[in-house]
Amino acid sequence: MRLGSEFTVHLSRLAHNLQEIKKLSPSAETLLMVKANAYGHGIKEVSQFSIENVGIRSLGCASLGEALFLRKELPNLSCDLYVFSDLGFFQPDYFSYYSQYKILPVIADLTSLDLFLQNKEFQYVPLSLKFNTGMYRLGFDHIDVEKVAQKIKKSGRKSVYHLMTHFSSSGLEKSKRSAEQYDRFLSLKKCFQDNGIVLERTSVSNSGAIEQQFGVQETHVRPGIMAYGPSSMVDFSKASWQGKNISTLKTKVLRTFMAERGTPLGYGGPVTPEKALVVVVGLGYGDGISRSYSGLTKTVKGLTGKIFGRVNMDMVSFIFPPESEGKIKQHDDFIFWDEDYKEINRMADQIGTISYELFCNISLRVPKIYRL
């Protein structure tokens, strides 16, 4: 653990974001995605707060292991809990977990559907289905809908608990591909209904679609990254999303010193291009600040500097203009990101990644602190 560094999760900001999502999708319930340790923010804490304090009634995990962790850590938490991808259907010993812990597998292929419909372990587990309408990742092919409907009818089931698809390009404004996918989804719904199968719940909208209020008339929406703050729109500078980053990442300045032009700094000895104030801060790739951060610009106290040279395991060096001397000092707080989601989106864009990765990369060495 590092003293002086903090990854602080502000739960009141999470509540704010979930309320803003509700404004964009007033008739839909929120199925909050908490996969990947709630996008790095703590799956247990985020889930418990969202259900007990905000009224969320459905959560989404990527893996059976994540869902089991939640059920075991929070046994009294009442909610629908979905597993979207890593179902564990390769291991029959895992089947009983779904009924025992009230976990909902999202079935996405014919082999898994057959296992689900034929195995007594799933007799009382609600059936959730995911169709590929254009994402081409997981999901039944949309042209197989009649085949799926017939299998369900033959099994004696009369309803699908939750029918869903996933948009591939919802981060693009008014995406033609999303519109095409949604048209296919509406056709899927009609096919099930024509076969006398009741659809209890339906959802299509991930974060980008919710931001554009596209598909939010279904019974549920499934926000991911937007619940944690950032916009998922490709052109985030024009985003109208009113969310707040729920986390703050800060550390301490370990040392400052003036360096003349041509001074070699750190591993490999890259030389400073001009006279600069060197600011060494206490986070490195061992904490989740990867080497791809090299060259990242940050503004501190109105002064703009950039990461210079290699990111080290335990620290990183910024160079600031000479007039920064005396304004940025040893032991000062150094904030990598705070509530302004456009800043973390800017950072991610500058280093060629996305905000999801910046959150998820923060390591266990950085203390995680929860505040309202």
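Counting of residues starts from 1 at the beginning of each chain's written sequence and follows it residue by residue. Residues qualify for local features only when their pLDDT is at least 70, as the model is predicted, and side-chain atom pairs are given and counted only at 80 or more; totals for whole chains, interfaces and linings, by contrast, use all residues. Side-chain numbers here rest on the full set of heavy atoms in the structure, without hydrogens or water.

K.L.:
What should I look at first to understand the packing of helix 6 (residues 110-118) against helix 7 (residues 145-155) in this one?
P.N.:
Axis angle and axis distance: for two packed helices, these are the angle between their axes and the distance between the axes, and together they describe the pair. Note on geometry: axes are lines fitted to C-alpha atoms, helical ones only across the stretch in contact, with angles between N-to-C directions running from 0 to 180 degrees. Elements are defined by DSSP. Helices are runs of H or I of four residues or more, strands are runs of E of two residues or more, and each kind is numbered from the N terminus. Axis separation between helix 6 and helix 7 bottoms out at 11 Å; the angle between their running directions is 10°. As summarised for this structure, helix 6 and helix 7 are arranged roughly parallel, according to the angle between their axes. Taking contact as the criterion, the partners of Leu110, Leu113, Asp114 and Leu117 in helix 6 are, on helix 7, Lys147, Val148, Lys151, Ile152 and Ser155. Note that Gly is not counted as nonpolar here; it falls among the polar residues with everything else outside the nonpolar set of Ala, Val, Leu, Ile, Met, Phe, Trp, Tyr, Cys and Pro and the charged set of Asp, Glu, Lys and Arg. When the residues that make up the contact of helix 6 with helix 7 are grouped by side-chain class, the tally is five nonpolar, one polar and three charged. Orientation is classified from the angle alone, with under 35 degrees giving roughly parallel, over 145 giving roughly antiparallel, 65 to 115 giving roughly perpendicular, and any other angle giving oblique. The contact definition used throughout considers only heavy atoms, calling two residues in contact when any of these lie within 4.5 Å.

K.L.:
Sorry, what's going on with the environment of Leu163 here?
P.N.:
Mapping Leu163 onto the fold places it in strand 9 (residues 162-165). Leu163 gets classed as buried once you look at its relative accessible area, which sits at 0%. Residues Leu163 and Ser128, 35 residues apart in the sequence, show an inter-C-alpha distance of 5.9 Å. Leave out the neighbours within four places in its chain, and Leu163 touches Leu129, Phe131, Phe185, Lys189, Phe192, Leu199, Arg201, Thr202 and Ser203. Exposed residues in this analysis have more than 50% of their type's maximum accessible area, buried residues have under 20%, and partly exposed residues fall in between, with area computed by a 1.4 Å probe over protein chains only.

K.L.:
Any chance you could explain the packing of aromatic side chains here in plain terms?
P.N.:
The geometry of an aromatic ring pair comes down to the distance between the two centres and the angle between the two planes. Each Phe, Tyr or Trp ring, with Trp reduced to its six-membered ring, pairs with another whose centre is within 6.5 Å; inter-plane angles below 30 degrees give stacked pairs, above 60 give edge-to-face pairs, and intermediate values give tilted ones. Applying the stated criterion to the full structure yields 23 aromatic pairs. Centroid distance Phe89 to Phe95: 5.5 Å. Interplanar angle 65°. Geometry classified as edge-to-face. Comparing Phe89 with Phe95 shows no difference in burial state: the two are buried. Ring plane angle 15° and centroid distance 6.5 Å describe the contact between Tyr182 and Phe185, whose orientation is recorded as stacked. In this pair, Tyr182 and Phe185 both sit in helix 8 (residues 176-194), three residues apart, roughly one turn of the helix. The same class applies to Tyr182 and to Phe185, which are both buried. Put simply, the rings of Phe89, Phe95, Tyr98, Phe116 and Phe122 pair up and form one aromatic cluster.

K.L.:
When you look at helix 7 in this model, what are you seeing that I'm missing?
P.N.:
The α-helix advances 3.6 residues per turn, and as a result positions three or four apart in sequence lie on the same side. Residues of helix 7 that are buried: Val145, Val148, Ala149 and Ile152. Looking straight down helix 7, one finds its buried side chains confined to an arc of 100°; they lie on one side. Considering only its buried residues, helix 7 is in contact with helix 6, strand 6 (128-132), strand 7 (140-141), strand 8 (159-160) and helix 8. Taken from the residues just after helix 7, Gly156 is the one with a positive phi, measuring 95°. Here the arc refers to the set of directions running from the helix axis out to each C-beta atom.

K.L.:
Would you take a moment to explain the packing of helix 3 (residues 43-54) against helix 4 (residues 64-73) for this structure?
P.N.:
Two elements in contact, helix 3 and helix 4, have axes separated by 10 Å at closest approach and are oriented at 65°. Like other packed secondary-structure pairs, helix 3 and helix 4 cross with a definite hand, here right-handed. Note on element contacts: helix 4 touches helix 3 through Glu66, Phe69, Leu70 and Glu73, opposite Ile43, Lys44 and Ser47. Tallied by class, the residues present in the contact of helix 3 with helix 4 amount to three nonpolar, one polar and three charged. Left-handed is the label given to a crossing in which the near helix is rotated counterclockwise from the far helix by less than a right angle, and right-handed is the label when the rotation is clockwise.

K.L.:
Explanation requested: the layout of surface pockets in the structure shown.
P.N.:
Over the atoms a probe the size of a water molecule is rolled, and this reveals where empty space is left. Lining residues are defined by having an atom within 4 Å of a point belonging to a cavity or pocket. Those points lie on a 1 Å grid over the protein atoms alone, cavities being sets where a 1.4 Å probe fits but cannot get out and pockets being open sets with protein on both sides within 12 Å along at least five of seven lines. Grid points are joined across faces, edges and corners, and a volume is the space filled by probe spheres set on the points. Approximately 810 Å³ is the volume found for the largest pocket. Around the largest pocket, the lining is made up of 36 residues, and of these Asn206, Ile225, Ser232, Ile354 and Tyr356 lie nearest the centre. Among the secondary structure elements, those contributing two or more residues to the lining of the largest pocket are helix 2 (35-39), strand 4 (80-86), helix 9 (207-211), helix 10 (341-350) and helix 11 (355-361). Taken together, the residues of the lining of the largest pocket break down into 16 nonpolar, 15 polar and five charged. Around the second largest pocket, the lining comprises 15 residues; the ones closest to its centre are Gln212, Met233, Lys238, Ala239 and Ser240. Its residues assigned to classes, the lining of the second largest pocket shows six nonpolar, four polar and five charged.

K.L.:
Got a minute to help me understand the nonpolar core in this structure?
P.N.:
For soluble globular proteins, the rule of thumb is that nonpolar side chains tend to be buried together. By size, the foremost hydrophobic cluster in this structure holds 107 residues, and its most contacted members are Val34, Leu129, Phe192, Tyr228, Tyr293, Phe336 and Trp337. Looking at this core element by element, the count peaks at six residues for helix 1 (residues 11-24). Ignoring anything within four residues of it in the chain, the contact list for Trp337 reads Phe7, Asn245, Ser247, Thr248, Leu249, Tyr293, Ile344, Met347, Leu358, Phe359 and Ile362. To form a nonpolar core, buried Ala, Val, Leu, Ile, Met, Phe, Trp, Tyr and Cys residues must be joined to one another through side-chain atoms within 4.5 Å. Ala259, Ala276, Val278 and Ile319 belong to the second largest nonpolar core, which has seven residues in total.

K.L.:
Is there a simple way to explain the side chain of Thr248 in this structure?
P.N.:
As for its position among the elements, Thr248 is in strand 13 (residues 247-259). Polar contact is defined as a pair of N or O atoms within 3.5 Å, subject to the rule that within protein one atom must be able to donate a hydrogen and the other to accept it, and that residues adjacent in sequence are counted only when both atoms are side-chain atoms. Of the polar contacts made by the side chain of Thr248, one reaches the side chain of Asp338; its length is 2.7 Å. Look past the residues within four positions of Thr248 in its chain and what remains in contact with it is Glu6, Phe7, Thr8, His10, Arg13, Ile335, Trp337 and Asp338.

K.L.:
Explain the pattern of salt bridges here, please?
P.N.:
Working definition: two side chains of opposite charge can pair if their charged atoms are close together. By convention in these notes, a salt bridge is any Lys or Arg side-chain nitrogen within 4 Å of a carboxyl oxygen on Asp or Glu. Summed over all chains, the structure comprises 19 salt bridges. Two residues, Arg201 and Glu200, come together in a salt bridge whose shortest N-O distance is 3.8 Å. A salt bridge links Arg365 to Asp287, with the nearest nitrogen and oxygen atoms 2.7 Å apart. Remark: Asp287 occurs in the loop between strand 14 (276-281) and strand 15 (297-300) and Arg365 occurs in the loop between helix 11 and strand 19 (368-371); sequence separation between them is 78 residues.

K.L.:
What exactly am I supposed to notice about the pairing of strand 17 (residues 316-320) here?
P.N.:
Across a regular strand the side chains alternate sides, sitting on one face of the sheet and then on the other. Within strand 17, five of the five residues are buried, leaving the element largely enclosed by the surrounding structure. Neither face of strand 17 is open: one carries Val316, Phe318 and Phe320, the other Ser317 and Ile319, and all of them are buried. For two strands to count as paired, DSSP must find a minimum of two bridges between them. Here five bridges tie strand 14 to strand 17, and the two strands are oriented antiparallel to one another. Bridge pairing in strand 17 links Val279 to Phe318. Looking at chain direction, strand 16 (residues 303-307) and strand 17 are connected through two bridges and run antiparallel. The partner of Ile307 across the bridge, within strand 17, is Phe318.

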